[in-house]
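An overview of the molecular structure
The lines below spell out each chain.
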Amino acid sequence: MPQAIDILNAEFENERFWNDHGSLVQQAWREWEMKHATTLSDFNNDVKERRWMNSSLLEAIDDAFANPSEESEAAVKSLWTNSGGRNQVLPKGVYATQLLSPSGVSYLRKLIDVASLSGIPTRRPNGMNRHGMIVDSNVYGAVPVQPLVETVEEIIDRILRPVGRMLFQDRIGCEDDLDYYAFTISYDGTEMSTMQSKDMDLKEHRDASVVTLNINLNLPEENYEGSEVFFRGYPAADSWSSDVFGTSSKDEDGGGTVTFSPGMAIIHLGAHRHGALPIMFDDSGNNSEGNQTSGKRFNLVVWLFGELGDVRIAPYSNDEQLTAKQRWHGCNQ
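Residues numbered from 1 in each chain as written. Predicted model: local features only at pLDDT ≥ 70, side-chain atom pairs only at ≥ 80, totals over all residues. Heavy atoms only, no water.

**Some remarks on the state of the cysteines**
Per the counting criterion, the structure on display carries one disulfide. Put simply, cysteine 174 and cysteine 331 are joined by a disulfide, and their sulfur atoms are 1.6 Å apart. Handedness of the cysteine 174-cysteine 331 disulfide follows from its S-S torsion of about -90°: it is left-handed. Here the residue cysteine 174 occupies a position in the loop between helix H6 (146-167) and strand S3 (179-188), and cysteine 331 occupies one in the segment after helix H7 (324-329), the gap between them amounting to 157 residues. With relative accessibility at 21%, the residue cysteine 174 sits in the partly exposed group. (Disulfide = S-S within 2.5 Å. Helix = DSSP H or I, 4+ residues; strand = E, 2+ residues; numbered from the N terminus. Buried < 20%, exposed > 50% of the residue type's maximum accessible area, 1.4 Å probe, protein only.)

What follows is the structure in structure tokens.
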């Protein structure tokens with residue numbers, strides 16, 4: 001089984017293995033799904049009934065789809081605040097909501113755990129993270145388990161794409177967010193003696209996306225210390241002739257950190273520079289509040305971009321921006 005070793009610029013690590021054996025691995029997944037059809041059918045029912053989504057968010061999202069308008073979008077925006085809970089104020093351009101219900105977190109983790117125990121080789125999630133999996137039906141080395149892929153695509157179609165267009169109206173147009181790349185990641189602060197094999201932090205970077213959704217999948221009892229996501233200043237877009245990847249020097253546009261809680265999601269521009277601080281090893285087994293710690297953080301990340309991986313960075317003028325109906329129903333409406 002190919003091992004993920006490199007920690008920088010490793011997008012093509014073990015590329016030859018996946019080119020040579022990718023179709024065989026996909027066939028293994030098809031056989032595995034047939035063998036576990038009964039178990040997976042229960043997951044499929046949950047996908048169809050959307051039991052995994054926070055009920056307040058679900059209601060607001062459904063109303064916006066049924067009646068796209070400034071009023072219905074205002075209700076959705078009220079649930080995507082610039083305050084991430086725990087009395088934290090989020091950096092400019094970073095929004096947070098309680099996306100998953102407790103049962104939704106458990107549902108996704110069970111699906112991921114079932115797939116992880118399959119024994120089928122999986123590709124590293126990206127060029128920086130070594131631990132996790134790609135979720136996709138077509139990519140060699142990805143996990144194509146149907147209820148997992150369908151849940152991710154439901155999150156994209158019902159939440160990420162329209163909400164991203166709504167929150168970043170000057171950055172996202174009709175063709176900029178039609179394709180996706182989804183993956184899970186894990187950070188591990190346990191077993192200090194083997195820390196070289198763990199992902200404990202993430203260096204500062206930009207995503208290969210126009211917009212990114214990051215969802216915490218820790219169970220309520222899985223506490224950890226550290227591992228906050230840090231952001232630099234909001235990416236400026238004053239004019240196309242300037243460096244639109246630059247950051248504002250204004251204090252109010254400065255960065256900050258985000259602390260996750262189970263089921264919480266954040267959304268931000270892919271061009272917004274960010275990373276993850278080290279997850280802390282706590283040999284006492286308790287965090288600063290006296291609660292039992294697992295020392296691990298689990299997340300699902302989804303990138304949206306245009307056809308063939310195109311990532312638009314030029315801003316849209318006011319008269320080029322999408323209408324509410326286009327944001328929720330697409331540009332062919």
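**Topic: the packing of helix H5 (residues 102-116) against H6**
Following both chains from N to C, one finds H5 and H6 inclined at 140°, their axes separated by 10 Å at the closest point. It follows that H5 is oblique to H6 by the angle criterion. Between H5 and H6 lies a crossing of left-handed hand. Touching Tyr107, Leu108, Leu111 and Ile112 of H5 are Pro147, Leu148 and Thr151, all from H6. Classifying every residue of the contact of H5 with H6 gives six nonpolar, one polar and no charged. (Axes fitted to C-alpha atoms, helices over the stretch in contact; angles between N-to-C directions. Parallel < 35°, antiparallel > 145°, perpendicular 65-115°, else oblique. Left-handed = near helix turned anticlockwise from the far one by under 90°. Contact = heavy atoms within 4.5 Å. Nonpolar A, V, L, I, M, F, W, Y, C, P; charged D, E, K, R; others polar.)

**Considering the nonpolar core**
Counting 58 residues, the largest nonpolar core has Trp80, Leu99 and Val163 as its most contacted members. It is H6 that provides the largest number of residues to this core, a total of ten residues. The residues touching tryptophan 80, leaving out its near neighbours within four places in the chain, are Leu57, Tyr95, Ala96, Thr97, Leu99, Ile159, Val163, Leu167, Leu213, Ala265, Ile266 and Ile267. Formed by 24 residues, the second largest nonpolar core is a distinct cluster that contains Tyr181, Ile185, Val229 and Val258. (Core = buried A, V, L, I, M, F, W, Y, C linked by side-chain atoms within 4.5 Å.)

**A short note on a negative patch on the surface**
The grouping of Glu175, Asp179, Glu307 and Asp310 at the surface amounts to a negative patch. Mapped onto the fold, aspartate 310 is located in the loop between strand S12 (296-305) and H7. Note on aspartate 310: relative accessible area 44%, which makes it partly exposed. (Patch = residues over 30% accessible without salt bridge, like charges linked within 9 Å, V, L, I, M, F, W, Y side chains within 5 Å. Areas by Shrake-Rupley, 256 points an atom, 1.4 Å probe, with all protein chains shown as cover. Salt bridge = Lys/Arg side-chain N within 4 Å of Asp/Glu carboxyl O. Lys, Arg positive; Asp, Glu negative; His and termini not counted. Charge placed at Lys NZ, Arg CZ, Asp CG, Glu CD.)

**A short note on the packing of helix H3 (residues 55-66) against H6**
Contact pair H3 / H6: the axes reach a minimum separation of 11 Å and the direction vectors enclose 70°. It follows from the interaxial angle that H3 and H6 lie roughly perpendicular. Every residue of H6 that contacts H3 at Leu57, Ile61, Asp62 and Phe65 is listed here: Asp157, Arg158, Ile159, Pro162 and Val163. A per-class count over the contact of H3 with H6 returns six nonpolar, no polar and three charged.

**Considering the pattern of salt bridges**
Taken as a whole and assessed by the stated rule, the structure comprises 14 salt bridges. The partner of aspartate 62 in a salt bridge is arginine 158, and the shortest N-O contact between them spans 2.7 Å. Placement of aspartate 62 in helix H3 and of arginine 158 in helix H6 is noted, with a sequence separation of 96 residues between them. A relative accessible area of 25% means that aspartate 62 is categorised as partly exposed. Between arginine 273 and glutamate 204 there is a salt bridge, and its shortest N-O distance comes to 2.6 Å. In this pair, arginine 273 sits in the loop between strand S9 (264-269) and strand S10 (274-276) while glutamate 204 sits in strand S4 (residues 202-205), placing the two residues 69 residues apart along the sequence. What makes glutamate 204 partly exposed here is its relative accessible area of 29%.

**Topic: the pairing of S9**
Of all six residues in S9, six are buried, a share of seventy percent or more. Pairing of strand S1 (residues 95-98) with S9, which is carried by four bridges, proceeds in the antiparallel orientation. Bridged to tyrosine 95 within S9 is isoleucine 267. Note: strand S5 (residues 211-216) against S9, five bridges, orientation antiparallel. Bridging across to S9, isoleucine 215 finds its partner in alanine 265. (Pairing = 2+ DSSP bridges.)

**A few points about helix H1 (residues 15-35)**
Taking 1.5 Å of rise per residue, the 21 residues of H1 would be expected to cover 30 Å, and the 29 Å separating its terminal C-alpha atoms lies within 8% of that figure. Along H1, the helix axis deviates most sharply at histidine 21, where the bend reaches about 60°. Every buried residue of H1 is listed here: Trp18, Gly22, Val25, Gln26, Trp29, Trp32 and Glu33. (Expected span 1.5 Å × (residues − 1). Bend = angle between axes of the 7 residues up to and from the residue.)

**Concerning the sheet that holds strand S8 (residues 256-258)**
Judged by pairing direction, the sheet is antiparallel, and its four strands sit side by side in the order S4-S10-S7-S8 without closing on themselves. In the strand order of this sheet, the two ends are held by S4 and S8, each with one partner. Here the strands of the sheet are splayed against their neighbours by 20° on average, with no regard to which way each runs.

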